[in-house]
Amino acid sequence: MRGEARRRAELVAVGAALERQGLVRGGEGNLSCRLDGGWMVLTPRGVRKGRLMPSALLRVSLHEPLPPAASSEVALHLEVYRRVPDAGAIVHAHPPAVLALSLGWPDNPAPNVGLLPEGEAVLGAVGLVPALAPGSAELAVAAAATLVSTPVAVMLNHGAVATGLTPLQALERLELVELLARLELARRGRDPEAFSV
Ligand SMILES: [Zn+2]
């Protein structure tokens with residue numbers, strides 16, 4: 001399958017970057033990459049994202065029954081690939097400053113893209129997904145509907161999910177959302193270091 005080995009290596013690198021930056025802890029988060037022919041490569045359930053092995057990533061059909069070892073958020077990945085043709089990769093994490101802001105719902109719970117020029121140029125907007133049960137079909141449908149029009153969505157009281165043409169682009173979008181959230185907390189007089197890991 002063309003490019004699969006490279007995609008697996010990219011997911012491993014992105015997983016390490018997520019953990020290094022404190023955007024996930026323990027087995028949190030999940031990431032995937034779309035492959036040709038209606039397939040994706042997805043992280044298995046519950047593994048540390050900083051210690052992924054290329055061979056341990058799962059190849060999952062977008063159209064067939066799911067393997068039981070797949071990530072708990074496999075429904076979200078499937079739904080996004082089905083609904084968002086431009087999504088080549090998906091990264092879901094629990095960035096601490098994004099989470100801190102989202103707990104302030106309904107008072108401006110999403111990072112403000114206007115705080116940095118890159119915010120508007122790279123992201124345009126940040127979507128908001130209601131607080132729904134992690135791993136549920138309802139969350140998958142709501143997140144996919146949001147990601148049709150924005151490259152990143154904040155999942156209230158949960159975390160954030162980003163799409164990209166590649167895993168690296170999805171990571172960079174997630175990193176930018178976390179930076180914007182930290183700036184927003186600082187703008188509101190909160191110490192963003194209190195939300196770093
Ligand atoms: Zn999550």
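As a starting point, this report considers the structure included with it. Not measured: the values here are computed from a predicted model.

Parameters and conventions
Residues numbered from 1 in each chain as written. Predicted model: local features only at pLDDT ≥ 70, side-chain atom pairs only at ≥ 80, totals over all residues. Helix = DSSP H or I, 4+ residues; strand = E, 2+ residues; numbered from the N terminus. Rg over C-alpha atoms; globule rule 2.2 N^0.38 Å. Buried ≥ 20, exposed ≤ 12 C-beta atoms within 10 Å, placed from the backbone. Contact = placed C-beta atoms within 7 Å. Axes fitted to C-alpha atoms, helices over the stretch in contact; angles between N-to-C directions. Parallel < 35°, antiparallel > 145°, perpendicular 65-115°, else oblique. Left-handed = near helix turned anticlockwise from the far one by under 90°. Nonpolar A, V, L, I, M, F, W, Y, C, P; charged D, E, K, R; others polar. Expected span 1.5 Å × (residues − 1). Pairing = 2+ DSSP bridges.

Across its full length, the protein chain carries six helices and seven strands. N-terminal to C-terminal, the α/β element order of the protein chain is α-β-β-β-α-β-α-α-β-α-β-β-α. The C-alpha atoms of the protein chain give 16 Å as radius of gyration, which agrees with the globular expectation for 197 residues (16 Å, within 12%). C-alpha extents for the protein chain along the principal axes are approximately 50 × 30 × 30 Å. Looking at the 197 residues of the protein chain, the share that counts as buried comes to 47%. Taking as baseline every contact in the protein chain between residues at least 6 positions apart, the subset at least 24 positions apart corresponds to 64%.

A few words now on the environment of V24. In this structure, V24 sits in the loop between α1 (4-20) and β1 (30-35). The sequence separation of V24 and G50 amounts to 26 residues, and the corresponding C-alpha distance is 9.0 Å. Here V24 is in contact with L18, E19, G29, K49, A93 and H94, once residues within four sequence places are set aside.

The relative placement of two packed helices is expressed as an angle between their axes plus a distance between the axes. It is at 9 Å that the axes of α1 and helix α6 (residues 167-187) come closest, and there the two elements cross at 20°. What the angle tells us is that α1 and α6 run roughly parallel. The handedness of the crossing between α1 and α6 comes out as right-handed. Here E10, L11, V14 and A17 of α1 lie close against α6, whose contacting residues are P167, L168 and L171. Looking at side-chain class alone, the contact of α1 with α6 contains six nonpolar, no polar and one charged residues.

Turning next to α1. In a regular helix each residue adds 1.5 Å, so 17 residues correspond to 24 Å; α1 covers 24 Å between its end C-alpha atoms and thus fits that length. If you check which residues of α1 are buried, you get R7, R8, E10, L11, V12, V14, G15, L18 and E19. Backbone geometry just after α1 places G22 at a positive phi near 70°.

This paragraph deals with the sheet that holds strand β4 (residues 89-93). Think of a sheet as strands paired side by side through backbone hydrogen bonds, with each pair either parallel or antiparallel. The strand order across the open sheet formed by seven strands is β3-β2-β1-β4-β7-β6-β5, and the pairing between neighbours is mixed. Each end of this open sheet is capped by a strand with a single partner; those strands are β3 (58-61) and β5 (126-129). Averaged over all pairs of adjacent strands, the angle between strand axes in this sheet comes to 20°, irrespective of strand direction. Summarising the sheet, β1 and strand β2 (residues 39-42) pair through four bridges and their orientation is antiparallel. Paired with R34 across the two strands is M40, which belongs to β2.

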